[in-house]
Amino acid sequence: MRKRQHTTALLDQGVPVQAKLAAAWTSFLFLYVYVDILAFYKPGVVDDILLGVVWEFDITPTWAITALSLLAIPIFMVVLSMTLPARVNRITNLIVASLQVPFAAFNAVGQLGESWMYFYLLGVALEVILLALILRYAWTWPRTAPSATTATSPHREAVRTQQQA
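What you see is a predicted model; the values in this text were computed from it and never measured.

A. Spatial organisation of the overall build of the chain. Looking only at helices and strands, the chain has 6 helices and 2 strands in total. Taken from the N to the C terminus, the helices and strands of the chain come in the order α-α-β-β-α-α-α-α. The burial tally for the chain puts 23% of its 165 residues in the buried class. Considering only contacts in the chain between residues 6 or more positions apart, those separated by 24 or more positions represent 73%. If you sum the accessible surface of the chain, you get close to 12300 Å²; carbon and sulfur atoms cover 66% of it.

B. Just the side chain of lysine 42, in detail. Residue placement: lysine 42 occurs in the loop between helix H1 (17-39) and helix H2 (45-50). Those residues within four positions of lysine 42 in sequence are excluded, and the remaining contacts are Gln111, Trp116 and Tyr120.

C. Looking closely at the packing of aromatic side chains. In this structure the tally under the stated criterion is 6 aromatic pairs. Ring plane angle 20° and centroid distance 5.7 Å describe the contact between phenylalanine 28 and tyrosine 32, whose orientation is recorded as stacked. Of the two residues, phenylalanine 28 and tyrosine 32 both sit in helix H1, 4 residues apart, roughly one turn of that helix. Judged by relative accessible area, phenylalanine 28 falls into the buried class, the value being 0%. In this structure tyrosine 32 comes out as buried when scored by relative accessible area, which is 8%. For the cation-ring pair, arginine 90 lies above tryptophan 139, with the distance from its terminal atom to the ring centre recorded as 5.3 Å.

D. Structural context of the packing of H1 against helix H5 (residues 117-139). Here H1 crosses H5 at 165°, and the two axes come no closer than 9 Å. By the angle between their directions, the pair H1 and H5 is classed as roughly antiparallel. Relative to H5, the crossing made by H1 is left-handed. Seen from H1, the contacting residues are Val17, Lys20, Leu21, Ala24, Trp25, Ser27, Phe28, Leu31, Tyr32, Val35, Leu38 and Ala39; seen from H5, they are Phe119, Tyr120, Gly123, Leu126, Glu127, Leu130, Leu131, Ile134, Tyr137 and Ala138. Here the residues of the contact of H1 with H5 sort into 18 nonpolar, 2 polar and 2 charged.

What counts as what
Residues numbered from 1 in each chain as written. Predicted model: local features only at pLDDT ≥ 70, side-chain atom pairs only at ≥ 80, totals over all residues. Heavy atoms only, no water. Helix = DSSP H or I, 4+ residues; strand = E, 2+ residues; numbered from the N terminus. Buried < 20%, exposed > 50% of the residue type's maximum accessible area, 1.4 Å probe, protein only. Contact = heavy atoms within 4.5 Å. Areas by Shrake-Rupley, 256 points an atom, 1.4 Å probe, with all protein chains shown as cover. Phe/Tyr/Trp six-rings, centres within 6.5 Å; stacked < 30°, edge-to-face > 60°. Lys NZ or Arg CZ within 6 Å of the ring centre and 35° of its normal. Axes fitted to C-alpha atoms, helices over the stretch in contact; angles between N-to-C directions. Parallel < 35°, antiparallel > 145°, perpendicular 65-115°, else oblique. Left-handed = near helix turned anticlockwise from the far one by under 90°. Nonpolar A, V, L, I, M, F, W, Y, C, P; charged D, E, K, R; others polar.

The values are spatial; any link to function lies outside them.
Spelled out as structure tokens, the structure:
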């Protein structure tokens, strides 16, 4: 005969907003990089790179610095999301995620009507979903509840009067 075991509900501890943001930026970064890596399999891409061209851009030190700078933004957002004070963190995430949306969309515009269009559209769609999640987390950042004793409370005034006496 089998004994029936009672299962208890799992404890669902809330995840801090900073951790949610860092995880979302990390996921965004993986998508961002893997879309570029998988694009190497598109016929002609590696040949163009060997000729010194990425899309329509010549591969130069300026191009490399620009590409690295753009990639560094989500990289730094992972650590900034975990370390910035709440108010600055919230504002930074709202601004940076908002600016990343059109940048992500730019990557698909040149592919419209091309055979790899759906690959790029999927990549952009997934990136935009993660950016929307980041915007939601930052926008709905929990606020602290007001203190039970405020500056105008009678108790606080009584304490202040006793301290002055």
